[in-house]
Amino acid sequence: MASAPDGAEDVFDQFLTDRGHPTERIGWQQDGLKKQCPECSGLHDDAATSCTVCGWTPR
């Protein structure tokens, strides 16, 4: 957010954390030599940038 003051993202993350919401970035999981989608557990090659099963993409 360009208009947000410095540290605003940290404040928002703290607000969510205080209310029990996860704030860490979710990325691909590793399953052997393949990437595994954290949403549907679909397996993909290392070059994948989105899940072809459910459409999930890392942020």
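Right, let's walk through the structure included here. (Residues numbered from 1 in each chain as written. Predicted model: local features only at pLDDT ≥ 70, side-chain atom pairs only at ≥ 80, totals over all residues. Heavy atoms only, no water.)

### Focus: the nonpolar core
Listed in full, the five residues of the largest apolar core are W28, C37, A48, C51 and W56. Leaving out residues up to four positions away in the same chain, C37 has contacts with W28, G42, C51, C54 and W56. (Core = buried A, V, L, I, M, F, W, Y, C linked by side-chain atoms within 4.5 Å. Buried < 20%, exposed > 50% of the residue type's maximum accessible area, 1.4 Å probe, protein only. Contact = heavy atoms within 4.5 Å.)

### Regarding the sheet that holds strand β2 (residues 34–36)
Read across the open sheet, the three strands follow the order β1-β2-β3; overall the sheet is antiparallel. At either margin of the open sheet sits one strand with a lone partner, and together these are β1 (29–31) and β3 (43–44). Two elements, β1 and β2, share three bridges in a ladder whose sense is antiparallel. By the bridge assignment, Q29 is partnered in β2 with Q36. (Pairing = 2+ DSSP bridges. Helix = DSSP H or I, 4+ residues; strand = E, 2+ residues; numbered from the N terminus.)

### Looking at the packing of aromatic side chains
When we look at a pair of aromatic rings, we describe it by the centre distance and by the angle of the planes. Evaluation of the coordinates by the stated rule reveals two aromatic pairs. On the basis of an interplanar angle of 15° and a centroid distance of 6.4 Å, the ring pair of F12 and F15 is categorised as stacked. On the criterion of helical spacing, the pair formed by F12 and F15 is a turn pair, its members being three residues apart in helix α1 (residues 8–18). Overall, F15 belongs to the partly exposed group, its relative accessible area being 39%. Relative to W56, the ring of W28 has its centre 5.1 Å away and its plane inclined at 90°; by these criteria the two rings are edge-to-face. (Phe/Tyr/Trp six-rings, centres within 6.5 Å; stacked < 30°, edge-to-face > 60°.)

### Thoughts on the side chain of H44
Here H44 is to be found in strand β3. Given the relative accessible area of 8%, H44 is considered buried. The contact partners of H44, leaving out residues within four places of it in the chain, are W28, K34, K35, C51, T52 and V53.

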